[in-house]
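An overview of the molecular structure
For reference, the chains in residue letters:
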Amino acid sequence: VCSRVELLADQPDRNAGRDDYQKYMAAVQRSQNQDGMLWSLRLVHAQQYRDALADALVQIMQTPEQIESIMAACSNKWDSLTETLGKDQQRNSEERSQGFQK
């Protein structure tokens with residue numbers, strides 16, 4: 001894991017980014033010690049969902065004042081993906097990844 005942290009232009013405190021990074025890594029460490037905590041989607045075509053979320057996050061960084069409309073559009077994209085891929089297929093995929101199905 002790279003310990004180098006990029007600072008945002010409006011972050012005057014050089015340690016703020018490092019603090020955020022340390023908090024993130026502590027959360028990751030805790031998640032690895034807890035079986036019930038998942039950090040990623042584990043279903044068929046999960047990358048498409050991640051891509052939609054990543055696009056939304058980039059847009060939020062560019063125009064934070066539009067966060068509500070950007071997240072609504074992301075939610076609509078996820079709904080569209082689920083409809084296209086099939087709700088039952090996605091549900092079954094998630095249940096298998098959680099160990100509820102064999």
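Reading the values: the criteria
Residues numbered from 1 in each chain as written. Predicted model: local features only at pLDDT ≥ 70, side-chain atom pairs only at ≥ 80, totals over all residues. Heavy atoms only, no water. pLDDT = per-residue confidence, 0-100. Helix = DSSP H or I, 4+ residues; strand = E, 2+ residues; numbered from the N terminus. Salt bridge = Lys/Arg side-chain N within 4 Å of Asp/Glu carboxyl O. Buried < 20%, exposed > 50% of the residue type's maximum accessible area, 1.4 Å probe, protein only. Phe/Tyr/Trp six-rings, centres within 6.5 Å; stacked < 30°, edge-to-face > 60°. Contact = heavy atoms within 4.5 Å. Core = buried A, V, L, I, M, F, W, Y, C linked by side-chain atoms within 4.5 Å. Expected span 1.5 Å × (residues − 1). Patch = residues over 30% accessible without salt bridge, like charges linked within 9 Å, V, L, I, M, F, W, Y side chains within 5 Å. Areas by Shrake-Rupley, 256 points an atom, 1.4 Å probe, with all protein chains shown as cover.

1. With respect to the confidence of the model for the protein chain
Looking at the protein chain, the pLDDT average stands at 78 and 69% of residues meet or exceed 70. Helix H3 (residues 67-85) holds the highest mean pLDDT among the elements of the protein chain, 95, whereas helix H1 (residues 14-32) holds the lowest, 70.

2. Here's the deal with the pattern of salt bridges
Summed over all chains, the structure comprises two salt bridges. With a closest N to O distance of 3.3 Å, Glu83 and Lys87 form a salt bridge. When the shortest N-O distance is used, the salt bridge between Arg91 and Asp88 registers 3.1 Å. Residue Arg91 and its partner Asp88 are located together in helix H4 (residues 87-97), separated by three residues, close to a single helical turn. With relative accessibility at 44%, the residue Arg91 sits in the partly exposed group. When its relative accessible area of 53% is taken as the criterion, Asp88 is described as exposed.

3. Section: the packing of aromatic side chains
Within the structure shown, the criterion is met by one aromatic pair. Centroid distance Tyr49 to Trp78: 5.2 Å. Interplanar angle 85 degrees. Geometry classified as edge-to-face. You can see Tyr49 sitting in helix H2 (residues 46-62) and its partner Trp78 sitting in helix H3, a full 29 residues away along the chain.

4. Considerations on the side chain of Ser93
Mapped onto the elements of the fold, Ser93 is located in helix H4. On the basis of relative accessibility, which here comes to 7%, the residue Ser93 falls in the buried class. Among all residues touching Ser93, those that are not within four sequence positions of it are Arg42, Leu43 and Val44.

5. Some points on the nonpolar core
Leu43, Ala46, Tyr49, Leu81 and Leu85 form the largest nonpolar core, which has five residues in total. Sequence-distant contacts of Leu85, that is, excluding residues within four places in its chain, are made with His45, Gln48, Tyr49 and Gln90.

6. Notes on the environment of Leu81
Here Leu81 lies in helix H3. Taking the relative accessible area as the measure of exposure, Leu81 reaches 9% and is therefore buried. If near-sequence neighbours (up to four positions away) are discounted, Leu81 is found in contact with Gln48 and Tyr49.

7. A look at H2
Given 3.6 residues per helical turn, the α-helix brings residues three or four places apart onto the same face. For H2, built from 17 residues, the straight-helix expectation of 24 Å at 1.5 Å per residue is met to within 8% by its first-to-last C-alpha distance of 25 Å. At its buried positions, H2 is contacted by H3 and H4.

8. A word on a nonpolar patch on the surface
Residues Leu53, Leu57, Ile67 and Met71 make up a contiguous nonpolar surface patch of about 300 Å² in total accessible area. Elements represented by at least two residues in the nonpolar patch include exactly H2 and H3. Under the relative-accessibility criterion, Leu57 is labelled partly exposed at 45%.

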